[in-house]
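Residue strings, one per chain:
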Amino acid sequence: MLPTHGLRTHIWNTGLRSLLLLAGFPVLLALVTWAVALLLAATGTDDFGQGLRDSVALLPVAIPIALLISAIWFAIAWFSNQWILDLLSGARPVTRVQEPALWAMVEELAISRGMRMPRLAVIETPARNAFASGLKRDQGAVTVTRGLLQALGPRELRAVLAHELTHIRNGDARLGVVAAVFAGVISMVGELMWRGLRLGRMRRLPTGGSGNGKGRGGAALLVVLALAIAALAWLLSIALRMALSRNREYLADAGAVEMTADPDAMASALRKLAGQEAMEGLPSQVRALLLHDGANSLGPAWFATHPPIEKRIEALERYAGAAVMPPEATAAAAPHSPASSPPDVPWRRPPPGPPAPG
């Protein structure tokens, strides 16, 4: 990694980490394929060493099959991704006539980066959130919630929209689908192995044998090794997928600052998202796309899809020059519940002026 001294090197290092994380998925797919080969070898020999050799000999056939399954799964996700997201989130596409100010803001940002105007959609919920989707850079979509439109000022909303456009520009939705497909295939293979053993479709496990790895004990060791490798590949695939998701959020934050030249606006928008609960009714795969998800930024760091808000703001302060707010100012900037919040002037129309004379 390059030494990180500012926004540009922060973007380069974050992008490089994403590539390294993505490269781990084919390795894990090969690892879980070997676990299947070990399980198959255990059904044909009682010698541990011979089983290892047989499993390696099966890999030239097993790996192409695993890649084919992944390709089919990816094709299904490619053609149905946006439809599934709209169905699960309740997003409603909007036009320039329905949301003129929102449309104009996104259009201006897209033109500034030579991007095609994405599809815009709104979810009618008081939650404050947004996400980008679309598996092609020229066919992206930006979805925002009504609560976000009402809670953010113009500069903050512009920063959030730039964040989502950066996701589209970087192909993050496509990377997310690739990671989800690899993780899904690895999880499916592990589950099939476990069910096959439980239902007795594989050879009944030996219960005895010598301690030198030969005889009936050798087959049992092959099965145990296969299950251990499959479990390790499953855990690592989840950790890699979550790490990739967190990394892309940092990269999109930096991209928003680069697009708007307004680090304070992005940091302020993130502060208004702090303390939110998870959007109800959305599966974890969809919540991973959100600008922020409280449920997926808590718990063990390796299994969180989003970095904590504080870490994201700290990165903006350190690398992008966002103003550092004192704790009391940060607390004052935190949003209140809709019931207790004073009515804000909507960002999309100016406040009424003084009455005309006469």
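Everything that follows concerns the structure shown earlier in this document.
So, a few notes on the structure that sits alongside this text. Computed from a prediction, not measured in an experiment: that's the story for all the values here. (Residues numbered from 1 in each chain as written. Predicted model: local features only at pLDDT ≥ 70, side-chain atom pairs only at ≥ 80, totals over all residues. Heavy atoms only, no water.)

### Some words on the overall build of the chain
- Looking only at helices and strands, the chain has 11 helices and 4 strands in total.
- With 358 residues in all, the chain has 46% of them scored as buried.
- Taking contacts inside the chain between residues at least 6 apart in sequence as the whole, the part at least 24 apart equals 71%.
- As displayed, the chain offers around 18,000 Å² of accessible surface, 65% of which is attributable to carbon and sulfur atoms. (Helix = DSSP H or I, 4+ residues; strand = E, 2+ residues; numbered from the N terminus. Buried < 20%, exposed > 50% of the residue type's maximum accessible area, 1.4 Å probe, protein only. Contact = heavy atoms within 4.5 Å. Areas by Shrake-Rupley, 256 points an atom, 1.4 Å probe, with all protein chains shown as cover.)

### Overview of the pattern of salt bridges
- One pass over the full model with this rule turns up 12 salt bridges.
- Three or more residues joined by partner-sharing salt bridges are found here, namely R92, E99, E124 and R146. (Salt bridge = Lys/Arg side-chain N within 4 Å of Asp/Glu carboxyl O.)

### Details of helix α2 (residues 48–89)
- With 42 residues, α2 extends just 50 Å between its outermost C-alpha atoms, more than 12% less than the 62 Å of an ideal straight helix rising 1.5 Å per residue.
- S80 marks where α2 bends most, by close to 60 degrees.
- Buried residues of α2: G51, S55, L59, A66, S70, A77, S80, N81, L85, D86 and S89, and no others.
- Among the residues of α2, the N-terminal cap falls to D47, whose side-chain oxygen and the backbone nitrogen of G49 are separated by 3.1 Å.
- In the stretch just after α2, G90 is the one whose phi turns positive, near 75 degrees. (Expected span 1.5 Å × (residues − 1). Bend = angle between axes of the 7 residues up to and from the residue. Polar contact = N/O pair within 3.5 Å; in protein donor to acceptor, adjacent residues only side chain to side chain.)

### Focus on the pairing of strand β2 (residues 119–123)
- With 4 of 5 residues buried, β2 lies mostly within the body of the structure.
- One ladder, built from 2 bridges, connects strand β1 (residues 92–93) with β2; its direction is antiparallel. Opposite R92, over in β2, you have V122 as the bridge partner.
- Sheet analysis places β2 next to strand β4 (residues 141–145), joined by 5 bridges and oriented parallel. In the strand pairing of β4, A121 is matched with T143. (Pairing = 2+ DSSP bridges.)

### Some points on the packing of helix α5 (residues 154–170) against helix α8 (residues 263–273)
- Following both chains from N to C, one finds α5 and α8 inclined at 95 degrees, their axes separated by 8 Å at the closest point. It follows from the interaxial angle that α5 and α8 lie roughly perpendicular. In this structure, α5 contributes R155, E156, A159, V160 and H163 to the contact, and α8 contributes D264, A265, M266, S268, A269 and K272.
- A breakdown of the residues in the contact of α5 with α8 according to their chemical character gives 5 nonpolar, 2 polar and 4 charged. (Axes fitted to C-alpha atoms, helices over the stretch in contact; angles between N-to-C directions. Parallel < 35°, antiparallel > 145°, perpendicular 65-115°, else oblique. Nonpolar A, V, L, I, M, F, W, Y, C, P; charged D, E, K, R; others polar.)

### Structural notes on the nonpolar core
- Formed by 39 residues in total, the largest nonpolar core has its most connected members in L102, V144, L148, L161, L165, M266 and L316.
- Ignoring anything within four residues of it in the chain, the contact list for V144 reads L102, A121, V122, I123, N129, A130, L149 and L161.
- Residues L29, A77, L222 and A243 belong to the second largest nonpolar core, which totals 30 residues. (Core = buried A, V, L, I, M, F, W, Y, C linked by side-chain atoms within 4.5 Å.)

### Points about the packing of aromatic side chains
- If you walk through the whole model with that rule in mind, you get 1 aromatic pair.
- Between F25 and F182, the aromatic rings sit 6.1 Å apart at their centres with planes inclined by 15 degrees, giving stacked as the arrangement. Of this pair, F25 sits in helix α1 (residues 7–42) while F182 is found in helix α6 (residues 172–198), placing the two residues 157 residues apart along the sequence. With respect to class, F25 is no different from F182; both count as buried. (Phe/Tyr/Trp six-rings, centres within 6.5 Å; stacked < 30°, edge-to-face > 60°.)

### Things to note about α5
- For α5, which comprises 17 residues, the first-to-last C-alpha distance of 24 Å matches the rise-based estimate of 24 Å (1.5 Å per residue) to within 8%.
- Here α5 lies mainly inside the structure; 12 of its 17 residues are buried.
- Burial in α5 covers these residues: E156, L157, A159, V160, L161, A162, H163, E164, L165, T166, H167 and I168.
- G171 sits one or two residues past α5 and shows a positive phi near 70 degrees.

Read these as geometric descriptors, not functional statements.
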